[in-house]
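# Coordinates in review
Read off the chains here:
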Amino acid sequence: MMSASGGQCTMLSAGVGTFRLACVATRWGIPRPSPVSSSCVPRFASAAAVRLGYPQGSLRTASREIRTVTVCSSASDSMSTVSAASSPSRDPNESYLDVASRPSRFEESSWGDPAITEVLLQTMRIQWAHGYPNTPRGYPRMTHGFHEYPAGMQAAAADRCLDVLPGDSLLDPFCGSGTSITVGMTKGYCGFGVDVSPLATFVASHRGWRPVWGEQTLKLLRATAKASINNMEDAAKLLMEETERASKVETAGGDAKTNGTRGASPTGAVPRDWRPIQKALALELESGKLMSALKSQGKEPGVPGALWFCLSVALQRSQKGRGKKRPYKKQRKKAAINAEASDSILTPQQVSCGDAFVTCVDEYCDRIGELLIRVPGDVPQPVYFNKDVRRVTLPTQIDAVLTSPPYPGVYDYLSFARKVRAGSGTATKLTAGAGALRDEADGVNATKETANETAKEIVPGSEGYFKTAVPADRTWPKEWTSLEIGSRKALRSDPYAFKEQWQKEQEGWLGMVARSLKPGGRAAVMVGDGANINTQKSILEAGEVCGLKGIAAVTMALSHSMEDGRVWNAARKEHLVLLEKPVGGGGVRPL
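We now turn to the structure provided with this report. For clarity, every value in this text was computed on a predicted model and none was experimentally measured.

## Details of the state of the cysteines
What is meant by a disulfide is a covalent connection between two cysteines, made through their sulfur atoms. One pass over the structure, following the stated rule, counts zero disulfides. The cysteine Cys 360 is free of any disulfide, with Cys 310 supplying the nearest cysteine sulfur at 5.1 Å.

## Points about the nonpolar core
Judged by nonpolar contacts, the single largest core of 58 residues is most densely connected at Leu 199, Leu 221, Trp 274, Leu 307, Phe 357, Val 361 and Tyr 364. Looking at this core, the element that brings in the most residues is helix H11 (residues 303-320), giving ten residues. If we skip the residues at most four places from it in the chain, Trp 274 touches Leu 311, Ala 314, Leu 315, Ser 318, Cys 353, Ala 356 and Phe 357. Judged by nonpolar contacts, the second largest core, of 40 residues, contains Trp 128, Val 183, Ala 400 and Met 556.

## Considering the pairing of strand E5 (residues 169-172)
Neither face of E5 is open: one carries Ser 169 and Leu 171, the other Leu 170 and Asp 172, and all of them are buried. Sheet topology places E5 next to strand E6 (residues 190-194); four bridges connect them, and they run parallel. Note that in E6 the partner of Asp 172 across the bridge is Gly 193.

## A look at the packing of aromatic side chains
What characterises a pair of aromatic rings is the spacing of the ring centres plus the angle enclosed by the ring planes. Under the definition given, this model contains 15 aromatic pairs. Measuring from ring centre to ring centre gives 6.3 Å for Tyr 465 and Phe 466, while their planes differ by 85°; the resulting arrangement is edge-to-face. For the pair Tyr 465 and Phe 466, a shared accessibility class is recorded, and that class is buried. On the basis of an interplanar angle of 35° and a centroid distance of 5.2 Å, the ring pair of Trp 476 and Trp 480 is categorised as tilted. In this structure Trp 480 comes out as buried when scored by relative accessible area, which is 0%. Chaining the aromatic ring pairs together yields one cluster made of Phe 146, Phe 202, Phe 309, Tyr 364, Tyr 465, Phe 466, Trp 476 and Trp 480.

## With respect to the environment of Gly 305
Along the polypeptide, Gly 305 turns up in helix H11. For Gly 305, a relative accessible area of 0% corresponds to the buried category. Each C-alpha atom, one on Gly 305 and one on Pro 460, is 9.8 Å from the other, the two residues being 155 residues apart in sequence.

## Notes on the environment of Tyr 149
Residue position: Tyr 149 is located in the loop between helix H3 (114-130) and helix H4 (155-161). Sequence spacing of Tyr 149 and Ala 417 is 268 residues, and the spatial spacing of their C-alpha atoms is 9.0 Å. Residues in contact with Tyr 149, not counting those within four places in the same chain, are Tyr 132, Gly 176, Ser 177, Ser 197, Leu 199, Ala 200, Tyr 413 and Phe 416.

## What to know about the packing of H11 against helix H13 (residues 348-374)
Helix packing for two helices is described by the angle between their axes and how far apart those axes are. Contact pair H11 / H13: the axes reach a minimum separation of 9 Å and the direction vectors enclose 120°. Looking at the two axes, H11 sits oblique to H13. The chirality of how H11 crosses H13 is right-handed. Contacts between H11 and H13 pair Ala 306, Leu 307, Phe 309, Cys 310, Leu 311, Val 313, Ala 314 and Arg 317 from the former with Ala 356, Phe 357, Cys 360, Val 361, Glu 363 and Tyr 364 from the latter. Partitioning the contact of H11 with H13 into residue classes produces twelve nonpolar, no polar and two charged.

Cut-offs applied
What you see as residue numbers is a count from 1 along each chain, following the sequence as written. For a predicted model such as this one, the threshold for reporting local features is a pLDDT of at least 70, and the threshold for listing and counting side-chain atom pairs is 80 or more; totals across whole chains, interfaces and linings nevertheless cover every residue. Water and hydrogen atoms play no part in the side-chain values, which are based on all heavy atoms of the structure. The rule for a disulfide is simple: a pair of cysteine sulfur atoms within 2.5 Å. Buried Ala, Val, Leu, Ile, Met, Phe, Trp, Tyr and Cys residues form a nonpolar core when they are joined through side-chain atoms within 4.5 Å. Partly exposed residues are those whose accessible area sits between 20% and 50% of the maximum for their type, while under 20% is buried and over 50% is exposed, using a 1.4 Å probe and protein chains only. Helix and strand definitions here come from DSSP, where helices need a minimum of 4 consecutive H or I residues and strands a minimum of 2 consecutive E residues; each element is numbered from the N-terminal end. Here, residues are in contact when the closest pair of their heavy atoms is within 4.5 Å. Here a strand pair is declared whenever DSSP counts at least two bridges between the two strands. Between the rings of Phe, Tyr and Trp (Trp by its six-membered ring), a pair exists once the centres lie within 6.5 Å; its type follows the angle of the planes, with under 30 degrees stacked, over 60 edge-to-face, and the other angles tilted. Axes, fitted as lines to C-alpha atoms, cover a helix only where it is in contact. Angles between the N-to-C directions of the axes lie from 0 to 180 degrees. Orientation labels follow simple angle bins: below 35 degrees gives roughly parallel, above 145 gives roughly antiparallel, 65 to 115 gives roughly perpendicular, and whatever is left gives oblique. By definition, turning the near helix anticlockwise from the far helix through less than a right angle yields a left-handed crossing, and turning it clockwise yields a right-handed one. Note that Gly is not counted as nonpolar here; it falls among the polar residues with everything else outside the nonpolar set of Ala, Val, Leu, Ile, Met, Phe, Trp, Tyr, Cys and Pro and the charged set of Asp, Glu, Lys and Arg.

Written as structure tokens, this is what we have:
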């Protein structure tokens, strides 16, 4: 907690409720928040956890609350504040759009055309009410939220925001998990996604994957996953033999290739219980049955890669509770005795991991099936670029941009990507001709033929993730460690120069947006404050430098005014800014 006097803010964790606020105030000798003077007194302070308009006793306070709304016609006009009472009751038959169409419990401010700002306000209300990655009741789930990714835009919010964007082509220069591109496909947009993180394009490309042969391909995915279960016994035996060989080599003086480096195991950092199903899937792909079936039905790229994607998701889900359910020593000893008495060499935990993988594949196929139904057949597959957005040139100009760039100094997305990649070990590393990519780390030189085989086996856009082996010495390639915009690591390394560097970075990526947009095209940018930077002002100033005009913006905040004038900030202030490229095109930076 950080307290300050006067007009400065007192920062609290996002999950603090009013009762705990009072306790904290008593502990630090700060006057308690007064419901009379507070612009908004929530029961829970987290913007992501608060549910818009729910009945009393759930996430709302028992008393009627006062909402502060600030409206003006342009960015330079002085703002006028209006207070309105929001009803604590909600009709259970109301949709999320009905709730978003009326004022929320949060502090809202806006400027610009009222017709546009109303849509932007509804977008932010949905974002704050439902958070990420779950979708609100009544909105199709599709592939949203499949594979964990830090932060992101709510799918229903992206859907609403697209109503103020023109044309039929869409760019997300910070695509992350691909929410905006996937939503755009359902509305007929041709999508282009860019992200510097290999994990981002890996997740986004698989969330938006639409198999050419539809349900026929999905049946093959399910069948291959179930066949892998039958290979687990053989896979476990092979793993035991590999372990014995490695042990003998180590006893003889160490492996010359790895020099005993940590993490150099053939299975990488994959948890022990997941190694049999990982090996079993590799064996099933090596058998060639899947590729033969694919050849018989026609061209279908990406199927083996999709299976590895599902294994990555299943493994990632299992890691969330690791340590919490770890058995005691006696329980582990008893399980080992039972395993010795069993005819199978597989432990119950290993069998459970195999079942979890099959369940994950079934869920993925169901979600892809829903996506196939909701996306018009004439919409092309999205194109993803695993590059720094400032160095990307699109093949064509686009009509609209919808994105949520990194907040200043909040996340380290590449660090998260390395963590996920290391945790999956070789589970997502394909070998040419056997459902996988092989590189020099495996002692095999890449060829054009290998590249062509690989292109048939992975979803386009995920190459950057698949081609990188987990480094034994933790020395990652530069594309996994550099060129991230607004990272927390950059803030910590030089906090005094961060603000200036941040503004240059905004001008850099908005320059790419300005060059990519058609005259009259629009860009909607959802961004939150951080590192004492007003990001709405930052985006508007950078856009002006790049030849983009700000035409509307809205802001959502959650704070509590104290009797002595101080303010409790209970959630990060977030903005949704709408920029437009003038028809004349003047002022746009050259390439």
